[in-house]
Amino acid sequence: MKKVLIQFAHPARSKSSINNAMRRAVEGLDNVTVNDLYAMYPEFLIDIEREQALCEQHDIIVFQHPFYWYSTPAIMKEWQDLVLQHGWAFGSKGNALRDKLYLQAFTAGGDADTFQEHGKNFFTIREFMAPLIATVSLCKMQWLPPFVVTGVHRGLPQDKVQYYAEQYRKVILALRDKHVDLNAASQAESINANIDSVLLEVV
Ligand SMILES: Cc1cc2nc3c(=O)[nH]c(=O)nc-3n(C[C@H](O)[C@H](O)[C@H](O)COP(=O)(O)O)c2cc1C
């Protein structure tokens, strides 16, 4: 069984619907740690040693958050700037994250069809991921296609919220239990778009 670290970043958790539900679906699972970055560091004073130790102790690193201004909430950038140090995360002697799997799991207000060249958001979701993909590569980790929920701008009905929360749980369990076809996953636009072709065994 692999160990999964979920870095949860939501600055307004009391107003969250979908991210809270997704979080509840994975919290308490064996070998899954949820680290709530805004709760841990409300003043943005990130404990670098603690964060590096957490990463070292896990095989799979997930960042879960709402999509904000075409990117991540601010604390994730602060986390990257401070935690991903030269000689630890990258550089010839920076191998702490080598070969770990990395998953971005996020929810976006925009509908799926707005994320294309001629759509309202001009760029695809993969294009918006460019700095993250390059960062993960520099840190010698393996990028997985993201877990994406689109179209949440007007709030999702409860049955849809439950559906995505359950999908998220399946993906996290499959990663933990090595039931993800990494070749199939690397071809997919998102890890959950065609979930059955990516999971070797539905958990
Ligand atoms: C400050 C802010 C910025 C946002 N930026 C985007 C954005 O760039 N693209 C998008 O699709 N949705 C955007 N949204 C919508 C959020 O992604 C959406 O409200 C969130 O995913 C809902 O998740 P929650 O119910 O867990 O809060 C933004 C929302 C806020 C509050």
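Just above sits the structure.
No experiment lies behind these values; they were computed from the predicted model shown. (Residues numbered from 1 in each chain as written. Predicted model: local features only at pLDDT ≥ 70, side-chain atom pairs only at ≥ 80, totals over all residues. Heavy atoms only, no water.)

*Asks:* Please clarify how the site of the ligand should be interpreted in this entry.
*Replies:* Around the ligand, the structure places 16 residues, and the nearest of them are His-10, Ser-16, Phe-67, Tyr-70 and Thr-107. Residue Gly-109 places a main-chain N or O atom 3.0 Å away from a nitrogen atom belonging to the ligand. Coverage of the ligand by the protein amounts to 72% of the 630 Å² it exposes when considered alone. Of the pockets mapped on this structure, the ligand occupies the largest pocket. Looking at the shell around the ligand residue by residue, the class counts come to 9 nonpolar, 7 polar and no charged. (Near = heavy atom within 4 Å. Polar contact = N/O pair within 3.5 Å; in protein donor to acceptor, adjacent residues only side chain to side chain. Areas by Shrake-Rupley, 256 points an atom, 1.4 Å probe, with all protein chains shown as cover. 1 Å grid on protein atoms, 1.4 Å probe; cavity = no way out; pocket = protein on both sides within 12 Å on 5 of 7 lines; lining within 4 Å. Sits in = over half its atoms within 2 Å of the grid points. Nonpolar A, V, L, I, M, F, W, Y, C, P; charged D, E, K, R; others polar.)

*Asks:* Just checking my understanding: could you explain the state of the cysteines for this structure?
*Replies:* What makes a disulfide is a covalent bond joining the sulfur atoms belonging to two cysteines. Under the criterion given, the structure shown has 0 disulfides. Among the cysteines around Cys-55, which has no disulfide bond, Cys-139 carries the closest sulfur, lying 9.6 Å off. Taking the relative accessible area as the measure of exposure, Cys-55 reaches 0% and is therefore buried. We classify Cys-139 as buried; its relative accessible area is 2%. (Disulfide = S-S within 2.5 Å. Buried < 20%, exposed > 50% of the residue type's maximum accessible area, 1.4 Å probe, protein only.)

*Asks:* Can you walk me through a nonpolar patch on the surface in this structure?
*Replies:* Judged by side-chain polarity, Tyr-68, Trp-69 and Tyr-70 come together as a nonpolar surface patch covering roughly 410 Å² of accessible area. Of note, Tyr-68 is situated in the loop between β3 (60–66) and α4 (74–83). (Patch = residues over 30% accessible without salt bridge, like charges linked within 9 Å, V, L, I, M, F, W, Y side chains within 5 Å. Salt bridge = Lys/Arg side-chain N within 4 Å of Asp/Glu carboxyl O. Helix = DSSP H or I, 4+ residues; strand = E, 2+ residues; numbered from the N terminus.)

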